[in-house]
Amino acid sequence: NAYGSAPASKELPNGLYLGSLGGSPDPGIDNTAPTVSNLELTVIDNGDGTQSLQLTGTISTVSDFSYGYFYFNVAENPAAPAPGIYVGSNYLDADGNFTRTVDLSSSNVPGTYYLNDYYLYDGAGNNIRVDIGPGGTGSPLFGLSVAVADAPTAIAFTATDVDEKD
């Protein structure tokens, strides 16, 4: 007897199982992870010699969205600290739009920052994680990248004479 000491047994498909062996979820169960669209990444000059990364976008499921994280790597230095941007449900407007910034500190090096990975979670426990694998050479996720350069601390011009042409 393959099922212990039971005199009879019956194998039933699990109604929540989504695999190829049968069964399907209850139509009322939310099993769809949130999605993100309309992403834009920009560098903001804070006016005090520092810079920030600003991310704008739209989350698909406003009603049950919980939170998400977006992480950016530096193409020229993958080991450099990766700034992250948190988006909670409280940062979404009624249409799912958000704008979030993260200050770049002295530990964030100049270079091309690109979206390397992101995570999205909803209240029903659905989530999605997308990342560029270690050693990946493909395009940035959503094509998001931006150049961050050190802000000049002083600019000087020296001229010994000016020659005006007639």
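Residues numbered from 1 in each chain as written. Predicted model: local features only at pLDDT ≥ 70, side-chain atom pairs only at ≥ 80, totals over all residues. Heavy atoms only, no water.

Colleague: Can you explain the sheet that holds strand 1 (residues 36-45)? Please cite residues and give values.
Modeller: Hydrogen bonding along the main chain pairs the strands of a sheet, whether they run parallel or antiparallel. The 3 strands lie next to each other as 1-2-5, forming an open sheet whose pairing is antiparallel. Unpaired on one side and paired on the other, strand 1 and strand 5 (97-104) mark the two borders of the sheet. Each adjacent strand pair in this sheet contributes to an overall mean axis angle of 20°, direction not counted. Pairing geometry for strand 1 and strand 2 (residues 51-59), over 8 bridges, is antiparallel. (Pairing = 2+ DSSP bridges. Helix = DSSP H or I, 4+ residues; strand = E, 2+ residues; numbered from the N terminus. Axes fitted to C-alpha atoms, helices over the stretch in contact; angles between N-to-C directions.)

Colleague: With reference to specific residues and values, describe the nonpolar core.
Modeller: By size, the foremost hydrophobic cluster in this structure holds 27 residues, and its most contacted members are L53, F70, F72 and F98. If you list the elements that add at least two residues to this core, you get strand 1, strand 2, strand 3 (65-74), strand 4 (84-88), strand 5, strand 6 (111-122) and strand 8 (145-148). (Core = buried A, V, L, I, M, F, W, Y, C linked by side-chain atoms within 4.5 Å. Buried < 20%, exposed > 50% of the residue type's maximum accessible area, 1.4 Å probe, protein only.)

Colleague: Account for the pairing of strand 3, naming residues and giving values.
Modeller: Here strand 3 pairs with strand 6 via 9 bridges, running antiparallel. Pairing of F72 across the sheet is with L115, part of strand 6.

Colleague: Describe the environment of S63, listing the residues and the values that go with them.
Modeller: Its place among the elements puts S63 in the loop between strand 2 and strand 3. By relative accessible area, S63 is classed as exposed at 78%. A sequence separation of 59 residues divides S63 from D122, and the C-alpha atoms of the two residues are 9.0 Å apart.

Colleague: An account of the pattern of salt bridges is requested, with residue identities and associated values reported.
Modeller: Opposite charge on two side chains makes pairing possible when the charged atoms of those side chains draw close. Inspection of every chain in the model, using the stated rule, returns 1 salt bridge. When the shortest N-O distance is used, the salt bridge between D131 and R129 registers 3.0 Å. Classification of D131 by relative accessible area gives partly exposed; the value is 38%. (Salt bridge = Lys/Arg side-chain N within 4 Å of Asp/Glu carboxyl O.)

Colleague: Go over the packing of aromatic side chains, please, and point to the residues and values.
Modeller: One pass over the structure, following the stated rule, counts 10 aromatic pairs. An aromatic cluster of three or more residues is present, and its members are Y67, Y69, Y71, Y86, Y91, Y119 and Y121. The ring of Y91 carries the charged tip of R100 above its face, separated from the ring centre by 3.7 Å. (Phe/Tyr/Trp six-rings, centres within 6.5 Å; stacked < 30°, edge-to-face > 60°. Lys NZ or Arg CZ within 6 Å of the ring centre and 35° of its normal.)

Colleague: Could you give me a rundown of unusual backbone geometry, with the residues and numbers involved?
Modeller: Positive phi values are uncommon outside glycine, yet N38 reaches one of about 55°. Along the chain, the position of N38 falls in strand 1. Overall, the relative accessible area of 57% leaves N38 in the exposed class. Positive phi values are uncommon outside glycine, yet F142 reaches one of about 55°. Among the structural elements, F142 can be located in the loop between strand 7 (127-131) and strand 8. For F142, a relative accessible area of 43% corresponds to the partly exposed category.

Colleague: Describe the side chain of N73, naming the residues involved and giving the relevant values.
Modeller: Looking at where N73 falls in the secondary structure, it is placed in strand 3. Among residues more than four places away in sequence, those in contact with N73 are A82, T112, Y113, Y114 and N116. (Contact = heavy atoms within 4.5 Å.)

Colleague: Tell me about the environment of D64, and name the residues and values.
Modeller: Looking at where D64 falls in the secondary structure, it is placed in the loop between strand 2 and strand 3. You can call D64 partly exposed: its relative accessible area is 21%. Along the chain, D64 and G123 lie 59 residues apart, while their C-alpha atoms are 5.2 Å from each other. In contact with D64, not counting residues within four places along its chain, are D30, D122, G123 and A124.

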